[in-house]
Each structure stands twice: as C-alpha cells, then as structure tokens.
Amino acid sequence: MDFGANWQQYEQLDISLPADEWITGEVLSGGPVAGVLRIGTSGWSRKEYPGTLYPATIRDTAMLATYSRLFNCVELNATHYKIYSPDAISKWVEKIKGRDFICCPKVPQSISHHSTLLNAAVETAAFIEGIRAFGTHLGPVFLQLSEHFSPVRKQNLYRYLETLPEDIDFFVEVRHPDWFADGNERRELFTTLHRLKKGLVLTDTPGRHDCCHMGLTMPVLFLRFVTCGGHPLDSVRLHAWKARIDSWKARGLQKIYFFLHVHDGKHEADFYREVQSVFGLTPAAREEQMSLF
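Computed from a predicted model, the values in this text were never measured in an experiment. (Residues numbered from 1 in each chain as written. Predicted model: local features only at pLDDT ≥ 70, side-chain atom pairs only at ≥ 80, totals over all residues. Heavy atoms only, no water.)

### Topic: the packing of aromatic side chains
Just so we agree on the cut-off: Stacked, tilted and edge-to-face are the three classes assigned to paired rings of Phe, Tyr and Trp, where Trp is represented by its six-membered ring and a pair needs centres within 6.5 Å; plane angles under 30 degrees give stacked, over 60 edge-to-face, the rest tilted. Note on exposure labels: buried denotes an accessible area under 20% of the residue type's maximum, exposed denotes more than 50%, and partly exposed covers the range between, all computed with a 1.4 Å probe on protein chains only. Runs of E in the DSSP output that reach at least two residues are strands. Runs of H or I that reach at least four are helices, and both are numbered from the N terminus. As a reminder, the over-ring test applies to NZ of lysine and CZ of arginine, requiring each to be within 6 Å of the ring centre and within 35 degrees of the ring normal.
Here the structure, examined in full by the defined rule, presents 15 aromatic pairs. Aromatic side chains Tyr 49 and Tyr 54 sit 5.5 Å apart centroid to centroid with 80° between the ring planes, which places their arrangement in the edge-to-face category. Each member of the pair, Tyr 49 as well as Tyr 54, carries the same accessibility label: buried. Pairing Phe 71 with Tyr 272 gives two aromatic rings, centres 4.4 Å apart and planes at 40°, and the pair type is tilted. Taken together, the residues Phe 71 in the loop between helix 2 (63-70) and strand 2 (73-76) and Tyr 272 in helix 10 (residues 268-278) connect sequence positions 201 residues apart. Accessibility assignment for this pair places Phe 71 and Tyr 272 in one class, buried. Among the aromatic residues, ring-to-ring pairing joins Phe 142, Phe 171, Phe 222, Tyr 257 and Phe 259 into one connected group. In this structure, Arg 187 is placed above the aromatic ring of Trp 22, and the distance from its NZ or CZ to the ring centre is 4.0 Å. Lying over the aromatic face of Phe 225, Arg 237 brings its terminal NZ or CZ to 4.6 Å of the ring centre.

Below you can see the structure in the form of structure tokens.
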C-alpha cells in the first residue's frame, strides 16, 4: 500500500506521532494490561515473498501455512475484491488450523466503494455469511472507505454501521481530508464510533499525517504502518510507535493489530526481524518464526 506515501520527500516530511486525541484518554482510563500483540501484512501471496520471507521454491498452496508460522494475523486484502463463500474460506481455515492466527478481512469494494452503503444489504449479508466460516480465527473486519467518501455522506456511514452484527468487531478507515480538517466532523466521528462500539483505523503513512489521528474509539489498536523499506526513518518511526503503544498498554490498551505495508517488498524480511526485536518477542517465538529464513 502506498496511500499517502511520498518517498521522494520522505526526509522532509513530518513523521512524528501526534499527541493523543481526547477520545483516547476517555477510552484508555484503566490500569496496565498485557496487551495482546498481533503482527501481520496485507496478504500471504505477495510476489516478493518467495526468496525473502519464504523459501524461494515455495508452492502457492503452501504460502498461507508458511505465512501463519511467521505472523499471527493477516489484513486480508483478498476479500476486498471478491465475496468468498463459506466453503472457500473453510479451505483457508484448514491451512491455519491449530495455530493462534487471526484473519482481519477487508469489506468488499462492491460495498465500500461502489455502493451508497445503504443499498448494500444483500452484499453485506453474503460477505458476513462467508467470513463467519473463519470461526475462532476471525478478527476485526476492516471497512476502508474511498478518498472520495467525505463527511457529506456521514449519515450513510453511521446508519450502515448500526446494521452490522454486534458479535463481530468492525474498524473504519476514512481517507477524505475533511474528516480530520474540520474539528466538528472529527469530534463527531470519534464520538459516534465510540457510541456504536466500532473502531477507527490508524494509518501511519508519510504524506497524510492527518490519517495518523491518534483517536482510539475502543481499547484496541488497528494500525496500518506504511514504510519505504530499507530506509533509516522506518526504524525511527517504529521505535516511536513502540513507546506510544507501551504508554497505551499502561492505561488499558487490550489488543494491538500491527499491519506492515512495506513499499519495497525485498526489505520486508529485514524489517520484520526489526519489528520482532523492537517489540521484544520471546527467543522461543523468534526461533520458530525465523526458522524459515
């Protein structure tokens, strides 16, 4: 994902993390918790993975099982382009059975980009029916709205979120600048999602600093971390996130979904090693996860 990235001016951009939003202070008002950390990418079949994350000779059919040994979650981009049947999803589940592995499917673009949201009941029902086949492997569902979906259509969004099943967590990513530039819209967005018990995706991508809004509407972090790959500023930003996550865990952050989006895929293996080191994964976990490199 290169949304908002401007790698040519990377060193001139503001990459600092903003201060917490007021809503974060209200949501994180408890004491320290362990904070379950899950790290993943946007899929298991990226063409750069064989020879870097995977053995060079890996078969396509072995990629998901191999990925699930390296990571403990996936931001499932495949569901953005197709509504999968329960049978199709069950075939994926067979490859991750027995592992502590969570799938976070993205809402199909036929709903998120090509509907009014309010006329998408049939597609939504089919999508929900399919992803329920993940069973205990189903994590938060990710609704990514287009850059053209502005607060002018906010009631469509809010009414749509009210129709979604309460036993599944949903997170929303908004990209139109007016969601953040207008203080009233920003506050209403945070307040409404908090009331509806829906999450708001945090997207840290250079060039769209506004999408790194630091507003948690539930005690769960869904972070999309966009990096150049092989650049020292990636490491600077990673350490800043470690410090912020530690401070949030001290105040009650319960779960962290940390999704890596590395622009240059050949650097993903190296950056994943760094993420493991920075977040202090246990030696046993590192030994298992790195055994395929």
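Alright, that's what it looks like, and here's the rest.
### Concerning the packing of helix 2 against helix 3 (residues 86-96)
Helix-helix packing is characterised by the crossing angle of the two axes and by the distance between the axes. The following threshold applies: Axes here refer to lines fitted to C-alpha atoms; in helices the fit is confined to the stretch in contact. Angles between the N-to-C directions go from 0 to 180 degrees. An angle below 35 degrees is treated as roughly parallel, one above 145 as roughly antiparallel, one from 65 to 115 as roughly perpendicular, and anything else as oblique. Handedness of a crossing is defined here by the sense of rotation of the near helix relative to the far one, left-handed for an anticlockwise turn of less than a right angle and right-handed for a clockwise turn. When checking whether two residues touch, look at their non-hydrogen atoms; a contact exists if any pair is within 4.5 Å. Gly is put with the polar residues, along with every residue not named as nonpolar or charged; the nonpolar set is Ala, Val, Leu, Ile, Met, Phe, Trp, Tyr, Cys and Pro, and the charged set is Asp, Glu, Lys and Arg.
Running from N to C, helix 2 and helix 3 cross one another at 50°; their axes reach a closest spacing of 8 Å. One element, helix 2, and the other, helix 3, form an angle in the oblique class. The crossing of helix 2 and helix 3 is right-handed. In contact with Leu 64, Ala 65 and Ser 68 of helix 2, helix 3 contributes Trp 92, Lys 95 and Ile 96. Among the residues forming the contact of helix 2 with helix 3, the class breakdown is 4 nonpolar, 1 polar and 1 charged.

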